[in-house]
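Coordinates in review
Spelled out from the first residue to the last, the chains are:
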Amino acid sequence: MSSKSSIIDAIRNIEKEEVHLPRIPYFEGLSYDSTAFFLDMLQRLGVEVIQGNSIEDIPYYLQEREFDSKKIFTQFSELPYRKTLKHGQLESIQLSILNGKVAVAENGAIWVTDERLSNRALTVIGEHLLIAISKRNLVWNMHEAYANISIHEHGYGMFISGPSKTADIEQSLVKGAHGSKSLIVFIYE
Amino acid sequence: MEKGNSTHPVGAEAFNKDKKRVAWHDKALWFVREKRDKAAHQIPEWEQLRELAAQIKAHTLSQLDLYLEQFEKNALKNGIHIHWAKDAEEHNTIIADILENHQAKKVVKSKSMLTEECGLNPFLEQRNIEVIDTDLGERIVQLADEKPSHIVLPAIHKKKEEVGALFHQHLHTQKGASDPAYLTQEARKHLRTKFLNADAAITGVNFAVANTGGFVVCTNEGNVDMGANLAKVHIACMGIEKLVPSQEHLGVFLRLLARSATGQPITTYSSHFHRPKKGREIHIILVDNGRTNQLAKPDFKSSLNCIRCGACMNTCPVYRRSGGHSYNYSIPGPIGAILSPGKDLKKYSSLPFASTLCGSCTDVCPVKIDIHTQLYKWRQIIGKEGHLPKGKKTVMQLTGKVMGQSKTFSMMSAIGKKILGGPKVLAYNALNPWTEDRDLPSPNFTFKDWYKKNKNNE
């Protein structure tokens, strides 16, 4: 007998009570002003926030920073940065600019997908990370977030809520464990 | 796969030789427990979420065969390879075979308690495969040739000076350097080269979704996404209890998990994998290894609700003062003490006694496992099966006899009173382990005397 059938049979032979799957009720937000709550949460997560009008404004905000534009990757076709990269070039990326689809006020997490992502590691391998998110795509909590996305639409998707971090050495919080050392959230109209 | 001391009292005694370290360890974990409280109290529906999570798990477990088949069907449609392993050995062999098919010699691994449970690292190392643990805490214990002492904070028992010395020896960091920021940066550089050159990546699974055929892995460091996305082959190992029916249920668990674990509102990365990138492979190994046995035990099946947050460890007064290694099982603390006897009752018979039955573990558990009740129930089984340590068995039998007869009880309590009032050596000697670390008061009268005098003053 295959391991699959032995496992399935073992489970099937156990006498089990029927348990209903509960319905998940609607949960209200923690404040009346979700934008203010989101901004406050990002600050607590050590995230820098830039507020602008549109995606096209991003280069303007980046010009004073020391990024080499050849070492910037982006998912946005309208931005003048790299759209594709070879495996060997990944490590030199200074900044990844990702397209945030849904942002969650309660925990600061933003959903990104592998759409126009030439290598999936670009979510973490860049020295720094910028996620652009429209104000219109802000929801309260994870229940609302999952109601607004379809997780199997993309082969790979993730919620990101700050720079990579660890506290594995004596509980001291250190940013930049394996992934990006900093996160900028660009909020546009 | 486990090494070191055989029973919890032996391990706890070894840990307690250094009183300062015990106090430090206790405080570090209590700090995490307090962060959990703050995070939980911010959510008005916290208790409702715990109840929902428990119900979703109970429902899924009640139809686990159907959900597993549904998951397999959808994952296959997504182009994911599915493997079934009835035990640890089969799990390890499947992985070795996949690696061999790809001639993979260098493997990066993210945190997975299941691979610890199965003893995967030594199994692969014997086959000349390099396995690098990439979670910083796990890398620290790997370099120290130890096991994780906590499921979320694997190196919580290590001081930064010890980490500095380890890194100096293995990663050539500056001698005497112990600054966590510096050590973390050095580990980042060291592990980046491992990620970029890895042939395969092994990760755990936090949740698998039956109706989409994909899975979710949560980290703060980003090591899952570095490993799985850079290597050609991604092998994800999961216990069969990790399933949830659909994506809406993830919302409940992701709100509970990080808040319970570290007091964060969510982990930095919650990565959802559904299909491999073109030219790459994703394999999932569905592992039983004793889980169906546990599912067949009505008193203990809810232990399979566990989402591995570690909250029960952080709150446990015994865990905090005895350290994770004293449990000598891949999952320590209260949850480990109810999971392990299902695996090997005799070997882990001391673990359900590593508790005061205070119930704090049950109070903080995000999926409402009645941990302290299960600890108590395991004790009954261990007693019946004759696995109690000799001393405990004799004392229990004697106590049972004494308490069962009023005359003997009166006599013994009168003698007890005399002993405690008499010379110290009578109570404080090698024959009485209860007084090793305790001071007993010397009573002026027995309970019976007190009761006779006071029964009319109710």
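What counts, and at which threshold
Residues numbered from 1 in each chain as written. Chains lettered and ligands numbered in written order. Predicted model: local features only at pLDDT ≥ 70, side-chain atom pairs only at ≥ 80, totals over all residues. Heavy atoms only, no water. Helix = DSSP H or I, 4+ residues; strand = E, 2+ residues; numbered from the N terminus. Rg over C-alpha atoms; globule rule 2.2 N^0.38 Å. Buried < 20%, exposed > 50% of the residue type's maximum accessible area, 1.4 Å probe, protein only. Contact = heavy atoms within 4.5 Å. Areas by Shrake-Rupley, 256 points an atom, 1.4 Å probe, with all protein chains shown as cover. Pairing = 2+ DSSP bridges. Axes fitted to C-alpha atoms, helices over the stretch in contact; angles between N-to-C directions. Buried area = accessible area lost by both parts, 1.4 Å probe. Salt bridge = Lys/Arg side-chain N within 4 Å of Asp/Glu carboxyl O. Polar contact = N/O pair within 3.5 Å; in protein donor to acceptor, adjacent residues only side chain to side chain.

Looking at an unreviewed UniProt entry, one finds chain B named Iron-sulfur cluster-binding protein and attributed to Flammeovirga pacifica.

Chain A appears in an unreviewed UniProt entry as LUD domain-containing protein from Flammeovirga pacifica.

**Quick word on the overall build of chain B**
Check the secondary structure of chain B and you find 21 helices and ten strands. Rg of the C-alpha trace for chain B: 25 Å, near the compact-globule value of 23 Å for 458 residues, within the 12% margin. With respect to the principal axes defined by its C-alpha atoms, chain B has extents near 85 × 55 × 45 Å. Within chain B, buried positions represent 58% of all 458 residues. Here the contacts in chain B between residues at least 6 apart in sequence split such that 74% fall between residues at least 24 apart. In the form shown here, chain B has an accessible surface area of approximately 19,900 Å², with 54% of it arising from carbon and sulfur atoms.

**Digging into the sheet that holds strand S6 (residues 128-134) of chain A**
Residue and element names in this part refer to chain A. Spatial strand order, S1-S11-S6-S3-S2: five strands in an open sheet with parallel pairing. Strands at the two margins of the open sheet, each flanked by one partner only, are strand S1 (48-51) and strand S2 (72-74). Strand-to-strand, the axes of this sheet are offset by a mean angle of 20 degrees, without reference to chain direction. The sheet contact formed by S1 and strand S11 (residues 182-188) spans four bridges and is parallel. By the bridge assignment, Ile50 is partnered in S11 with Phe186.

**Section: the pairing of strand S8 (residues 156-160) of chain A**
Burial runs high along S8(A): five of the five residues are buried. Neither face of S8(A) is left uncovered, since the one carrying A:Tyr156, A:Met158 and A:Ile160 and the one carrying A:Gly157 and A:Phe159 both have all their residues buried. Pairing between strand S5 (residues 110-113) of chain A and S8(A): four bridges, direction antiparallel. Paired with A:Ile110 across the bridge in S8(A) is A:Ile160. One ladder, built from five bridges, connects S8(A) with strand S9 (residues 269-273) of chain B; its direction is antiparallel.

**Details of the pairing of strand S1 (residues 81-85) of chain B**
Successive residues of a regular strand alternate their side chains across the two faces of the sheet. Residues and elements named next belong to chain B. For S1, the buried fraction is high: four of the five residues fall into the buried class. The pairing of S1 with strand S10 (residues 281-287) spans five bridges and is classified as parallel. Among the inter-strand pairings, Trp84 is bridged to a residue of S10, identified as Leu286.

**A look at the interface of chain A and chain B**
At the interface, 74 residues of chain A touch 93 residues of chain B. Its largest share of buried area at the contact with chain B, chain A owes to A:Asp168, A:Ile169 and A:His178, together 12% of the area lost on that side. Scanning the region where chain A abuts chain B turns up five salt bridges. The partner of B:Glu72 in a salt bridge is A:Lys4, and the shortest N-O contact between them spans 2.6 Å. Here chain A is connected to chain B by 43 residue pairs in polar contact (both at pLDDT 80 or more). With eight residues, helix H1 (residues 3-12) of chain A is the single largest residue contributor to the side of chain A that touches chain B.

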